[in-house]
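Single-letter residue listing:
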Amino acid sequence: MEQHFTSVLNTDPTVYEEQQAFTYPEEVDYRPPLEADPNKKSASIVFQFIKSLKIGSDLSQIASPIQADKGKSGLEYGAQCNRVFDSVINIHREPSAAKRMIQVVHAFLAPRTYIPLPALNGPTKPFNSVLGEHFHCHWNHSDQSQTFSVWEQISHHPPISAFYTWNQRNNFSMEGTAKVAPIFWGNKVQVAFYGLVRFNVFLPDGTKEVYQISLPSPTAKGILLGKSSFELSGDMKVVCEQTGLEANLKFKSGNVVKGEITEQYEREKNGAKKTKTRTIYEIEGSVISVCHVINVETKEKTVLYDAQTMENLQMVVKPLAKQDVMESRRLWHHVAYNIKKQEWEEA
């Protein structure tokens, strides 16, 4: 496999530099406006492919036409959907456990504002990463610290990836594995995630908090009929055993999100202590617009994030010519470059 991909790579650093800017333009806002596919022939090919699918088909097991690919590896797409914001860099200094939970919810919800799209006017499928492929990137923060992230494909059939993200100065890390299963349901495709994601916070007193996270499913609707869109659906859950706090969010049609953060407390009745649960914060809003957090006791309403104005840090990836042959962008460069040019035969 490595020899095959090495053979199609152009090893001239000058050519890499010329092609890199064209293939991988800077994506500061991560949500560029979509344009309709000018290639009607390629759109027709994708449409015919969709019509040939059976209900319940796992698309990760089916070879799709090259016109359906968005020109990025699944590992890079995973890193984009789990990118890091400045809002989380001081989490280990936050004295309130409830506010730390809010920061963790923000850390996993805000990056997913990148996923919903108003219409499916272009290709949305990333490349199926190959066994041994890896992707490296980092983000530069306002406090001069850096968050690094490494993704690797640890299984091809079924497709399973693993990642580790860390910021040594600010005492937090993320880790996880994910099996991605895009399932075709006729007029929609739902991408299910199976695996485990953890967010670790190392506090000043030497203790460690571990937040276990289950993530919502991206869903492409209106593939064949009606208005097309790309939304989040299902539930997102964040649990911290050390604090007893739990966040539960539900995603509904129209990119509406609603949820709550609960805490456990003890209540004594008839001489016996019982553990009860109560809601301390409510979360409501839009995935792609403004999302709020409401303090149940004080009724204070604050902005969790505003997707239209929040600052997205630039994901930094080293130049193609300096990458290992199994790093995602270099591995897929020949294909991604020709997809960008719409040279389908060459891709």
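Residues numbered from 1 in each chain as written. Predicted model: local features only at pLDDT ≥ 70, side-chain atom pairs only at ≥ 80, totals over all residues. Heavy atoms only, no water.

Visitor: How should the side chain of His141 be read in this particular structure?
Guide: Relative to the elements of secondary structure, His141 occurs in the loop between β3 (134-140) and β4 (146-155). Note on His141: relative accessible area 5%, which makes it buried. (Helix = DSSP H or I, 4+ residues; strand = E, 2+ residues; numbered from the N terminus. Buried < 20%, exposed > 50% of the residue type's maximum accessible area, 1.4 Å probe, protein only.)

Visitor: What is the right way to read a positive patch on the surface from this model?
Guide: Residues Arg267, Lys269, Lys274 and Lys276 make up a contiguous surface patch of positive charge. Sorting the residues of the positive patch by element identifies β12 (256-269) and β13 (272-286) as the ones contributing at least two each. Among the structural elements, Lys269 can be located in strand β12. Exposure remark for Lys269: the relative accessible area of 54% places this residue in the exposed category. (Patch = residues over 30% accessible without salt bridge, like charges linked within 9 Å, V, L, I, M, F, W, Y side chains within 5 Å. Areas by Shrake-Rupley, 256 points an atom, 1.4 Å probe, with all protein chains shown as cover. Salt bridge = Lys/Arg side-chain N within 4 Å of Asp/Glu carboxyl O. Lys, Arg positive; Asp, Glu negative; His and termini not counted. Charge placed at Lys NZ, Arg CZ, Asp CG, Glu CD.)

Visitor: Would you take a moment to explain the confidence of the model for the protein chain for this structure?
Guide: Low-pLDDT portions of the prediction should not be read for the details of their coordinates. Of the residues in the protein chain, 80% have a pLDDT of 70 or more, and the chain-wide mean is 83. Counting contacts from residues 1-10, a segment whose pLDDT is below 50, to residues more than four positions away or on other chains yields twelve contacts. Below pLDDT 50 for its whole length, residues 28-43 participates in 31 contacts with residues either more than four positions away or in separate chains. (pLDDT = per-residue confidence, 0-100. Contact = heavy atoms within 4.5 Å.)

Visitor: Which parts of the structure should I look at to understand unusual backbone geometry?
Guide: The general pattern is negative phi for most residues beyond glycine and trans for most peptide bonds. The residue after His157, namely Pro158, is reached through a cis peptide bond having omega 0 degrees. With respect to the helices and strands, Pro158 occurs in the loop between β4 and β5 (160-167). Although it is not a glycine, Asn171 sits at a positive phi angle of roughly 55 degrees. Relative to the assigned elements, Asn171 resides in the loop between β5 and β6 (172-184).

Visitor: How do you make sense of helix α7 (residues 333-340) when you look at a structure like this?
Guide: Given 3.6 residues per turn, any residue in an α-helix points the same way as the ones three and four places further on. A large share of α7 lies buried, amounting to six of its eight residues. Buried within α7 we find His333, Val335, Ala336, Tyr337, Asn338 and Ile339. Directly beyond the C-terminal end of α7, a positive phi value near 60 degrees is found at Gln342.

Visitor: How do you make sense of the pattern of salt bridges when you look at a structure like this?
Guide: Once their charged atoms are close, side chains differing in charge can pair, the charge on each being opposite to the other. Scanning all chains against the criterion turns up nine salt bridges. Where Lys250 meets Asp235, a salt bridge forms, and the shortest distance between an N and an O atom there is 3.5 Å. Of this pair, Lys250 sits in strand β11 (residues 245-252) while Asp235 sits in strand β10 (residues 229-240), and the two are 15 residues apart along the sequence. The partly exposed category is assigned to Lys250, whose relative accessible area is 48%. Among the ionic pairs, Glu327 bridges to Lys318, the shortest N-O distance being 3.0 Å.

Visitor: What's the story with the environment of Leu225 in this structure? I'm lost.
Guide: Positionally, Leu225 belongs in the loop between β9 (217-221) and β10. Relative accessible area serves as the criterion here: at 63%, Leu225 is assigned to the exposed category. Placed 37 residues apart in sequence, Leu225 and Lys188 show a C-alpha to C-alpha distance of 9.5 Å.

Visitor: Would you take a moment to explain the pairing of β4 for this structure?
Guide: Each regular strand carries side chains that alternate between the two faces of the sheet. Both β3 and β4 contribute to a ladder of seven bridges, which runs antiparallel. In the sheet register, Asn140 faces β4, and the bridge partner there is Gln146. The hairpin formed by β3 and β4 contains five residues between the paired strands, and Gln144 there has a positive phi angle of roughly 75 degrees. Note: β4 against β5, seven bridges, orientation antiparallel. For Ser155, the partnering residue across the bridge sits in β5 and is Ile160. The loop that links β4 with its antiparallel partner β5 comprises four residues. (Pairing = 2+ DSSP bridges.)

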